[in-house]
Amino acid sequence: MATTVTQSGQITLPKAVRDQLGLTPGSQVDFRQAADGSVVLVRVDQASLADRFDKLRGHAGAGPNTDAVMALTRGEP
């Protein structure tokens, strides 16, 4: 995947790269030079998986309590 550097030094990251790293507008990235001289692009602001799931917790509503679930499993009305 090749891209062109603009006169102001900007590049457009190919969509495949953005998708692979999960980059969205406002994402922060870091450029790191490897021992062999190559440059690696790393997402800096990537939240851990636990953080991602924590954001979704509680969105399904309160739901039934334990007694109600037990009654359902026993076939009680």
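This text gives an overview of the structure that appears in the document. Bear in mind that the values here come from a model prediction, so they are computed numbers and not experimental data.

1. Some points on the overall build of the protein chain
Here comes step 1: A count of helices and strands for the protein chain gives 3 helices and 2 strands.
Here comes step 2: Ordered by position from N to C terminus, the α and β elements of the protein chain give α-β-β-α-α.
Here comes step 3: Among the 77 residues that make up the protein chain, the fraction classed as buried is 8%.
Here comes step 4: For the protein chain, contacts bridging at least 24 residues in sequence account for 5% of all contacts bridging at least 6.
Here comes step 5: Of the roughly 6,700 Å² of accessible surface on the protein chain, a fraction of 55% belongs to carbon and sulfur atoms.

2. Brief notes about the pattern of salt bridges
Here comes step 1: Summed over all chains, the structure comprises 2 salt bridges.
Here comes step 2: For Asp 30, the salt bridge identified is with Arg 32, shortest N-O distance 3.0 Å.
Here comes step 3: According to the relative accessible area criterion, Arg 32 is partly exposed, its value standing at 45%.

3. Concerning the environment of Thr 12
Here comes step 1: For Thr 12, the location among the structural elements is in the segment before helix H1 (15-21).
Here comes step 2: Along the backbone, Thr 12 and Ala 2 are 10 residues apart, and their C-alpha atoms lie at a distance of 9.7 Å.
Here comes step 3: Aside from chain neighbours lying at most four places away, what touches Thr 12 is Thr 3 and Arg 18.

4. Section: the side chain of Ser 27
Here comes step 1: Tracing the backbone through its elements, the reader meets Ser 27 in the loop between H1 and strand E1 (29-33).
Here comes step 2: Within the structure, Ser 27 has its side chain in polar contact with the backbone oxygen of Thr 24 (distance 2.9 Å).

5. Observations regarding helix H3 (residues 66-74)
An α-helix turns once every 3.6 residues. As a result, residues three or four positions apart point the same way.
Here comes step 1: With a side-chain oxygen lying 3.2 Å from the backbone nitrogen of Asp 67, the N-terminal cap of H3 falls on Asn 65.
Here comes step 2: One or two residues past the end of H3 sits Gly 75, with phi positive at roughly 80°.

The rules behind each value
Residues numbered from 1 in each chain as written. Predicted model: local features only at pLDDT ≥ 70, side-chain atom pairs only at ≥ 80, totals over all residues. Heavy atoms only, no water. Helix = DSSP H or I, 4+ residues; strand = E, 2+ residues; numbered from the N terminus. Buried < 20%, exposed > 50% of the residue type's maximum accessible area, 1.4 Å probe, protein only. Contact = heavy atoms within 4.5 Å. Areas by Shrake-Rupley, 256 points an atom, 1.4 Å probe, with all protein chains shown as cover. Salt bridge = Lys/Arg side-chain N within 4 Å of Asp/Glu carboxyl O. Polar contact = N/O pair within 3.5 Å; in protein donor to acceptor, adjacent residues only side chain to side chain.

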